[in-house]
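Chain by chain, the residues:
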Amino acid sequence: EHFGSVCAMVASSGRIFYIHDNGPVSSVFLPPTWELVARDAFSGVLLWKRPVGNWESQLRGFRSGPPEIGRRLVYGGGRLYAALRYGGPVTVIDPASGDDRATLAGSEGARELLYAGGRVYLLADDMTAEDHEKRKEWFNTKAPTLRGYGFPKEPIPMYGTQRVVAFDAHSGKQLWCNRDDRAPGEIMPATIAVSGGRVCFQTTTDVICLDADTGKQRWKTSRPVAVSRFSWVLSDR
């Protein structure tokens, strides 16, 4: 009835990469041990694993999100890209060894990663590691005292001021950054997509299309959604 032990998974070039909790199974209240793991896709043989830092609370309620956490890992161009800790930057990882190749400067606070056409696109916000620790502490303090899904209805910050950023996957150079005065949580989770030279996403009020080369807005059309709903529901239609 709590957060799933497997958060994100991608497969490519005969390998499976995933993030999971390898902590004790005797009680969900024991500290988690989050790891990024690589296995042979055909035999399941362990290739390598490495620790994951500031991650989601294992006491977060079942089906309460975060709905975008599966997008913190992406493979493209022979490299693995991962946002391995809340508030941190994107790490470029050698898929064969698990070693760091680079860090994308300016990718701090990455929440969702996409790879297309030799570029890495990400949705990020300005929540810091300390902000996330405070949010997780709220879950960890409240959860042991509750029965069922009875979390108190207290407002807690979940997202910071958002931005969409594009990087050249080969050089790691930032190509553009679209902020457009986005309010915290305005961009709906798991709605950003890239295709045909366009980057599209949905906000609480509109569907917006950006030029994938420049980050400038191409068009916007109204599509308001309900802002009060279960956190795992992405749309009202």
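Everything in this summary refers to the structure shown in the same document. Not measured: the values here are computed from a predicted model. (Residues numbered from 1 in each chain as written. Predicted model: local features only at pLDDT ≥ 70, side-chain atom pairs only at ≥ 80, totals over all residues. Heavy atoms only, no water.)

1. Some remarks on unusual backbone geometry
Here is step 1 of the chain: One non-glycine residue with positive phi stands out, namely Ser-13, at about 55°.
Here is step 2 of the chain: Along the chain, the position of Ser-13 falls in the loop between β1 (6-12) and β2 (15-21). (Helix = DSSP H or I, 4+ residues; strand = E, 2+ residues; numbered from the N terminus.)

2. With respect to the pairing of strand β7 (residues 90-93)
Here is step 1 of the chain: Neither face of β7 is open: one carries Val-90 and Val-92, the other Thr-91 and Ile-93, and all of them are buried.
Here is step 2 of the chain: Here strand β6 (residues 79-82) runs beside β7; their pairing, made up of 3 bridges, is antiparallel. Bridged to Ala-82 within β7 is Thr-91.
Here is step 3 of the chain: When β7 meets strand β8 (residues 100-104), the two strands line up antiparallel, connected through 4 bridges. Looking at the pairing, Val-90 lines up with Leu-104 of β8.
Here is step 4 of the chain: A loop of 6 residues connects β7 with β8, the two strands running antiparallel in sequence, and Gly-98 in this loop sits at a positive phi of about 85°. (Buried < 20%, exposed > 50% of the residue type's maximum accessible area, 1.4 Å probe, protein only. Pairing = 2+ DSSP bridges.)

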